[in-house]
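Per-entry structural report
This is what each chain is made of:
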Amino acid sequence: MEKIRIVIADDMEAHRRRLERIIHSDKNLELAGSAKSGYEAIAFAAIKKPSIVLMDIEMESQLAGIKAAAEINKISPTTKIIMLTIHQDDNIVFAAFQTGIVDYLIKSAPKEEILEAIYSATNNQSPIRPIIAEKIRQEFARIKSSEDNLTQSFKVISSLTQSELEVLKLLCNGLKRKEIADIRTVEIETIKKQINSLLKKFDKSSTKEIVKKVNELKLFDMIKDIS
């Protein structure tokens, strides 16, 4: 069996030494390099083309490992990256997965768990760990909610008169009722009536809520024919 070549990237010597001992304990593994920073990890990956990189997240900067992982996936796409970290924040871990890493472990994981992760990554069998599975479910739910929200908002937009659309656009640009009335050369009572109509159609209690929703969905970026 061809040996699995591994690069370690961790700014703490004690952690590097522990991982080195774990690698040396298995005859199928070979240490290809031991990096102290994300920059060194990228250099080792480019030159050595290892099978696996065991990557710390926080090195020369808080997210150095995540940035390094993104670069390594560009220059050596066959290299599998396993994050070893003290972080259990699901947002940080999820950000790491978005760079293309295949697995993550807490640094205090036992030797057997680290070896299992290495072999699983080599065989393209890395598990989707619970924290990531939950984050993926949340992300799909967010996307679905956003799509439903956008569809409903387009339905409301399509029901607006041209005058209401113009008033809505001016509101989204931060103008007050009096300013809108002056621009549109109408009585402020007319603007108030149109705003009340907007509130009713969007089913909101304030113009701030409408403006927030329209701006978040970037509706006016999608409606090019509104002047």
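Scroll up to find the structure this text is about.
Reading the values: the criteria
Within each chain, residue numbers correspond to sequence positions counted from 1 in written order. Note on the predicted model: pLDDT of at least 70 is required for a residue's local features to be given, and 80 or more for side-chain atom pairs to be given and counted; whole-chain, interface and lining totals, by contrast, use all residues. Only hydrogens and water are removed before side-chain values are computed, so all heavy atoms of the structure are retained for them. Two strands are counted as paired when DSSP detects at least two bridges linking them. Think of it this way: any DSSP run of H or I at least four residues long counts as a helix, any run of E at least two long counts as a strand, and we number them from the N terminus. Consider the strands pointing away from the viewer: the crossover is right-handed when the path from the first strand over the helix to the second runs clockwise. Residues enter patches when their relative accessible area tops 30% and they take part in no salt bridge; the joining distance is 9 Å for like charges and 5 Å for the nonpolar side chains Val, Leu, Ile, Met, Phe, Trp and Tyr. Areas reported as accessible are Shrake-Rupley estimates using a 1.4 Å probe. Residue values count occlusion only from the protein chains shown. Salt bridge, as used here, is a side-chain nitrogen of Lys or Arg placed within 4 Å of a carboxyl oxygen of Asp or Glu. The positive count covers Lys and Arg only, the negative count covers Asp and Glu only, and His and the chain ends enter neither. Think of each charge as sitting on NZ of Lys, CZ of Arg, CG of Asp or CD of Glu. Under this scheme, a helix contributes an axis fitted over its contacting stretch, all axes are lines through C-alpha atoms, and angles between N-to-C directions fall in the 0 to 180 degree range. Throughout, a contact is declared for two residues whenever any of their heavy atoms are within 4.5 Å.

Here we look at the pairing of strand S2 (residues 29–35)
The pairing of strand S1 (residues 4–9) with S2 spans six bridges and is classified as parallel. What sits directly across from Ala9, in S2, is Ala35. A crossover links S1 with its parallel partner S2, the connecting element being helix H1 (residues 13–24), and its sense is right-handed.

Details of a negative patch on the surface
On the surface, a cluster of negative charge is made up of Asp11, Glu40, Glu58 and Glu60. Of note, Glu40 is situated in helix H2 (residues 38–48).

Observations concerning the sheet that holds S1
With respect to topology, five strands assemble into an open sheet ordered S2-S1-S3-S4-S5, the strand pairing being parallel. Every other strand in the sheet has two partners, leaving S2 and strand S5 (103–106) as the edge strands with one partner each. Going from strand to strand, the sheet's axes swing by 20° on average, the running direction of each strand aside. The sheet contact formed by strand S4 (residues 80–85) and S5 spans four bridges and is parallel. Across the sheet, residue Ile82 finds its bridge partner in S5, namely Asp103. Packed onto the sheet, H1 meets S1, S2, strand S3 (52–55) and S4 and runs at close to 165° relative to S2.

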